[in-house]
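For reference, the chains in residue letters:
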Amino acid sequence: MSRSSDVGARSPPLPFNPYQQQQQRYPPMAPPAADFPPPQFFARPPLSNPPLDPTPPPPPPQQLYSRPPSSMLSTPPPPIPSKAPPFASPPPFAAPHQFQGLQGPPPSHPPPPPPQAPYFGGSPAYQQQQQQPLPPPSQGYFAGIAPPLPGVAAPPGHDIADEFESLSISSAPGTAADVKVEALPRPPPDSCDTFAQPAWSNCHPRYFELTTNAIPASHSLAARWHLPLGAVIHPLAEAPPEEQVPVVDFGTSGIVRCRRCRTYINPYDKFTDGGKYFRCAICNLLNDVPMDYVCALDEQGKRRDAMDRPELSQGSVDFVAPMEYMVRPPMPPVYFFLIDVSVAAVRSGILQIAADTIKSCLDKLPGYPRTQIGFLTFDSTLHFYSLKSSLTQPQMVVLAQVDDPFLPMPDDLLVNLSESRLVVEALLDSLPSIFANNENVESALGPALEATTSIMSEIGGKLLIFQSTLPSLGVGRLKLRGQEAHVYQTDREPALRVAEDSFYKQMAAKCSKLQIGVNVYAFSEKYTDVASLGTLAKYTGGQVCYYPGFHAAVDGEKLTYDLSRDLTRETAWEAVMRIRCGKGIKYSVFHGHFMLRSSDLLALPAVDCDKAFSVQFALEDTLLTSQLAYFQVALLYTSSSGERRIRVHTAAVPIVQELSVMYKEANIGAVVGVLSRLAVEKSLNDKLENARQYVHVKMVNALREYKNMYAVKHSLIGRIIFPESLKLLPLYVLALSKSLPLRGGFMDATPDERSAAGYQMMTMSRPSLLKLLYPALIRLDEYLLQVMSCVDWIAKNETIVYAQGSRGGGVDSPPQLPLTAEVLDPRGAFVTSDGQRFVLWLGNVLQPEFVAAILGPQVAHSSDLRKVPVVEQDNDLSKRFHALLAKLRKQNRWCHQQCVVVRQGESGRELQLVHSNMVEDRGAGFPSYMEWMVQIHRQVQQKI
Amino acid sequence: MAWDLALWILSFLAVAAALGIIVYQLLCLSDLEFDFINPFDSSSRINRFVLPEFAIQGVLSAIYLIFGYWLMFLLNAPLLYYNIRLYMSKRHLVDVTEIFNQLEPEKKIRFYKLGFYLSLLCIVIYRLVVSSMEVILESGIASMAEI
């Protein structure tokens, strides 16, 4: 604060300013534009004036830095973190250079400078740099942003070794002897769950993450970026308890918004004229501040109460919406269950498990006491249940005429749960027994859907469909398709992945209109046409869960978990989402599960913390003249408690003139997030091969562009070079091409598996997507024995800490192996974890005692492992094993990871479960990782 | 030649109706684009008139074929083929769920149709005038012959 006296409106701001650091490090190329925004608001780092800050202050940097990475993604239940040692895990931002073999700079270069501090403030390294003399300026990044600083010379020949990685790969195929396979880049453990720290007052990247933290200033620059310019949006992502989004209530005066573009008040709005006006960050309009919101400004031009008001100091805020944001009173949470009770559903035990799970969740359904619930079951007939609270037993009405369904008793089909609790419980108890002997094989899903939508038409809500067979009666009946191999590679191929009958699209549109969000649970081993059924979820913000060949003993646990999570997680009802971008930038395409209500308004009848979206941006003007680009995501929703709220995430990103900065600031997680959605969407109207090619071309173009920028200058002709930030791009693109929705052709996956995985990928958040693409592979036997050896230490600490790991003590994860079949030692046991399930692979010559200890004695010699439930045995080894599984599951709470067991050499299953995950091996028509790199290198070298 | 005149009058009405439908659909699409109506209304309004337009165009082509107006039929044939193909592949209706992604192509195709119907209208008016002149002249000659 000592220098605050010389901080004028236009001079460089406070010393603790991350922005200032940039300004000094990156000297300008152009004088500041005339409408250069006063830099006052940058001088508001959360760290600078703690005494004025009664709001939950941002945790001190030290804490942020040392939080276990897993907690960045998922909120662990309170007791666990309190037990866990605070410094047990590696810092989330391990130094950029983590890979052996890739670290050394090319021999012709001077040694690299020390690893750069995370780009935006908040880390200890950053603070250190603040105190030290500034490092020599590198290239002209952020040209045009910074005011000229005296005494900073033009950049001398600067070492670029820190800007990209290079691999020496000879361009002749198959002769890549000089690069070790181990040297290829791989994601470090836990990197999926780790987010960068938010910059300035931006929202946390778990909510809104751009593919590059540098927006190009012109069309020509954007065209040279080649990768998608967009973002992954996860508006309701789960945050750890100390980072909950603050709630702001403006009372009756209404939320302060820009008059023209309707942007919500945010930390980047600049107050002027003693606080009487504010300038909207998005559209630059000068707005009046409402009388009761006026506050005096301090000498830097920021409001004196900025730190007391979350909406002026934090990027993510929940506004309480007053009456004018409602078209009707906030709806109560509504859950409606549409259950197929045909013979397949009864025999496989789905009905029993579903009824039990629903019953156990009745207490935990959000929104008590307003929650409403209803049931409808169907086979060739529809069964309605009157759940009137005055009854003791539910009344069942069977409607045999499915061609033109009507509601036999319109009133009591959807009831208040707290009033009719006993009747609902009685129904759930008796449901399995009513249909225990049902031999009906037909399934009238279409008519049941029509009846359901008319029951729910008044309020809307969440509709859960449990479908066990192909719909065969009434409207919306579906045919068997996708069985002929010759359809693949023809123009008729993409039709397999979209709804066959237009009924489903129309029904989805109707549901969206009536505020019904549909979640589809499909179970059949045979073809169920998930592509058509999933359409219902696709346009209503829902999800598709697919359990092929459901078997109650094995899959029951997973269904129970998934269903109870679906019923109990925080859900936003009757929501709409809109994205506002700064001047000159426009959203172009959205991807995910929603329906567009108007050109930029996403209708989401029910959205929850497990749904992510992506958006692509386009530049409107030819040249962006401002220094920062602003983005604001606003989700207007009704919370389960019946309050109308608006969740607003705001982010600001520098606009740059330099392509190298764009690549440097690229964010691999978001790039992969957008690319995979693009590829899945492409596969819906094009051949699989073209969808894969589409992503491939984008990647090669980007790498070629990058090479052209540096290779000639630095005589790296024979090398493949890639930006540090995108070093994993080839691996993830390879993994994406081998992933279930895009893999191979007819033989490689059933159409249902493909569709279900595709629907899932469209809604996945960045951490779960990266985990799915590159699963973790753990050698189990060695790891468990290692853990056993420190049993005493564990007992002392009364908690389970995985003390042994790849990087010395204190690492809480077992070492991860590269995903190649070569590491699968027949003497060992291995676990892969892709966020969806665990696959336990048992080697041929693994000690039988180990198998017996983990899976129970009767399993050790049994040959059929298909239906072996993995349950905890009464011994230490098994307990450790399950503790490991529990820990891995906790990182990934959105779906239950079922553990399946596979023995080496088991025909078919091994290939399907294990080898399909080995993305670094040859498979599905794609080369191994090494060959892939050679191939990319060759393509990058080619002149277009 | 009275049937000739009747036929051209009929085609004039038909083309004018088709033109009206196309303009209406374009209005619906641009209303949607500027957020004046919601996608549900917009698509149902557009879809209501898709088949009538196809029918008008089909009937017109059939009449030209039957009465031997080869040139007029050839003029109509490409659009007829396009419409039939669209109908057979069940892509003739606007998809309410994807209407925003289809907005540009749908508008484009309707602009082409608009241009086509406008030029057709010009031809039809010309032929209408010619044939009505013929009828008038013929009746004039006939009445002169009576004198």
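Above: the structure in question.
Caption draft 1: Here's a closer look at the pairing of strand β18 (residues 571–581) of chain A. Residue and element names in this part refer to chain A. Extensive coverage of β18 is indicated by the burial of 10 of its 11 residues. In this structure, β18 lies alongside strand β21 (residues 601–608), joined through 7 bridges in antiparallel fashion. Residue W573 lies in a different strand from β21, and its bridge partner there is A606. In terms of strand pairing, β18 meets strand β23 (residues 628–638) through 7 bridges, oriented antiparallel. From the neighbouring strand, V576 faces β23, where its bridge partner is L636.

Caption draft 2: Main features of the packing of helix α13 (residues 530–538) of chain A against helix α19 (residues 751–763) of chain A. All names here are of chain A. In the contact formed by α13 and α19, the axes pass within 9 Å of each other and the chain directions differ by 15 degrees. Here α13 is positioned roughly parallel relative to α19, judged by the angle of their axes. Between α13 and α19 lies a crossing whose hand is right-handed. Where α13 abuts α19, its residues V530, A531, G534, T535 and K538 lie against D752, S755, A756 and Y759. Considering only residue class, the contact of α13 with α19 consists of 4 nonpolar, 3 polar and 2 charged.

Caption draft 3: Broad picture of empty space enclosed by the protein. All names here are of chain A. Overall, the coordinates contain 5 cavities of 30 Å³ or more when judged by the stated rule. If you add up the space inside the largest cavity, you get close to 210 Å³. Forming the walls of the largest cavity are 19 residues, and the residues nearest its centre are D190, K771, A776, Q816 and Q891. Size it by volume and the second largest cavity reaches roughly 110 Å³. In terms of lining, the second largest cavity is formed by 13 residues, of which the most central are V680, L684, S755, G758 and Y759. Sorting the residues of the lining of the second largest cavity by element identifies α16 (668–685) and α19 as the ones contributing at least two each.

Caption draft 4: Local environment of the sheet that holds strand β28 (residues 837–842) of chain A. Residue and element names in this part refer to chain A. Taken together, 4 strands build an open sheet; the order of strands is β26-β27-β28-β29 and the sheet is mixed. Looking at the sheet topology across the chains shown, the edges are occupied by β26 (776–779) and β29 (898–903). Sheet twist, expressed as the average angle between the axes of neighbouring strands with direction ignored, equals 20 degrees. The pairing of strand β27 (residues 829–833) with β28 spans 5 bridges and is antiparallel. Paired with S833 across the two strands is F838, which belongs to β28. In the packing of helix α21 (residues 780–789) onto the sheet, the strands contacted are β26, β27 and β28, and the crossing angle to β26 comes to about 60 degrees. The sheet strands contacting helix α23 (residues 848–855) are β27, β28 and β29, and the helix crosses β28 at an angle near 150 degrees.

Caption draft 5: Highlighting the interface of chain A and chain B. On the side of chain B, 9 residues touch chain A, which itself brings 11 residues to the contact. With both chains or domains summed, chain A and chain B bury close to 1,100 Å², and 65% of this area falls on carbon and sulfur atoms. Our count for the contact surface shared by chain A and chain B stands at 1 salt bridge. In this structure, the salt-bridge partner of B:D95 is A:K505, at a minimum N-O distance of 2.5 Å. For the interface between chain A and chain B, the tally reads 3 residue pairs in polar contact (both at pLDDT 80 or more). Of all the secondary structure elements, the ones that give two or more residues to the side of chain A that touches chain B are α12 (502–513) and β20 (595–598) of chain A. Counting residues per element, the side of chain A that touches chain B draws most heavily on β20(A), which supplies 4 residues.

Caption draft 6: Quick peek at a nonpolar patch on the surface. The grouping of B:W3, B:L65, B:I66, B:F67 and B:W70 at the surface amounts to a nonpolar patch, some 610 Å² of accessible area in total. Along the chain, B:W3 turns up in helix α1 (residues 2–33).

Caption draft 7: Expanded view of α21(A). Residues and elements named next belong to chain A. Every buried residue belonging to α21 is among L780, D781, Y783, L784 and V787, and all of these are buried. For α21, the angular spread of buried residues about the axis comes to 165 degrees, placing them on one side. Looking at α21, the residues exposed on the side facing more than 90 degrees away from the buried face are L785 and S789.

Caption draft 8: Expanded view of the nonpolar core. All names here are of chain A. If you look at the biggest cluster of nonpolar residues, it comprises 128 residues, and the most contacted ones within it are F208, I215, I585, F617, F631 and L729. Element by element, the count of residues in this core is highest for helix α17 (residues 688–710), at 10 residues. The contacts of F617, once residues within four sequence positions are left out, are F208, L210, L229, G230, A231, I579, C581, I585, K586, Y587, S588 and F631. By size, the runner-up hydrophobic cluster in this structure holds 87 residues, among which are L387, V424, F503 and A537.

Caption draft 9: Focus on unusual backbone geometry. All names here are of chain A. The omega torsion across Y368 and P369 is 5 degrees, close enough to zero to call that bond cis. With respect to the helices, strands and loops of the structure, P369 is situated in the loop between α9 (350–361) and β11 (372–378). For D273, which is not a glycine, the phi torsion comes out positive at approximately 55 degrees. Summarising the element assignment, D273 is placed in the loop between β6 (270–272) and β7 (277–279). For D273, a relative accessible area of 48% corresponds to the partly exposed category.

About the criteria used
- Residues numbered from 1 in each chain as written.
- Chains lettered and ligands numbered in written order.
- Predicted model: local features only at pLDDT ≥ 70, side-chain atom pairs only at ≥ 80, totals over all residues.
- Heavy atoms only, no water.
- Buried < 20%, exposed > 50% of the residue type's maximum accessible area, 1.4 Å probe, protein only.
- Helix = DSSP H or I, 4+ residues; strand = E, 2+ residues; numbered from the N terminus.
- Pairing = 2+ DSSP bridges.
- Axes fitted to C-alpha atoms, helices over the stretch in contact; angles between N-to-C directions.
- Parallel < 35°, antiparallel > 145°, perpendicular 65-115°, else oblique.
- Left-handed = near helix turned anticlockwise from the far one by under 90°.
- Contact = heavy atoms within 4.5 Å.
- Nonpolar A, V, L, I, M, F, W, Y, C, P; charged D, E, K, R; others polar.
- 1 Å grid on protein atoms, 1.4 Å probe; cavity = no way out; pocket = protein on both sides within 12 Å on 5 of 7 lines; lining within 4 Å.
- Points joined across faces, edges and corners; volume = space filled by probe spheres on them.
- Buried area = accessible area lost by both parts, 1.4 Å probe.
- Salt bridge = Lys/Arg side-chain N within 4 Å of Asp/Glu carboxyl O.
- Polar contact = N/O pair within 3.5 Å; in protein donor to acceptor, adjacent residues only side chain to side chain.
- Patch = residues over 30% accessible without salt bridge, like charges linked within 9 Å, V, L, I, M, F, W, Y side chains within 5 Å.
- Areas by Shrake-Rupley, 256 points an atom, 1.4 Å probe, with all protein chains shown as cover.
- Arc of directions from axis to C-beta.
- Core = buried A, V, L, I, M, F, W, Y, C linked by side-chain atoms within 4.5 Å.

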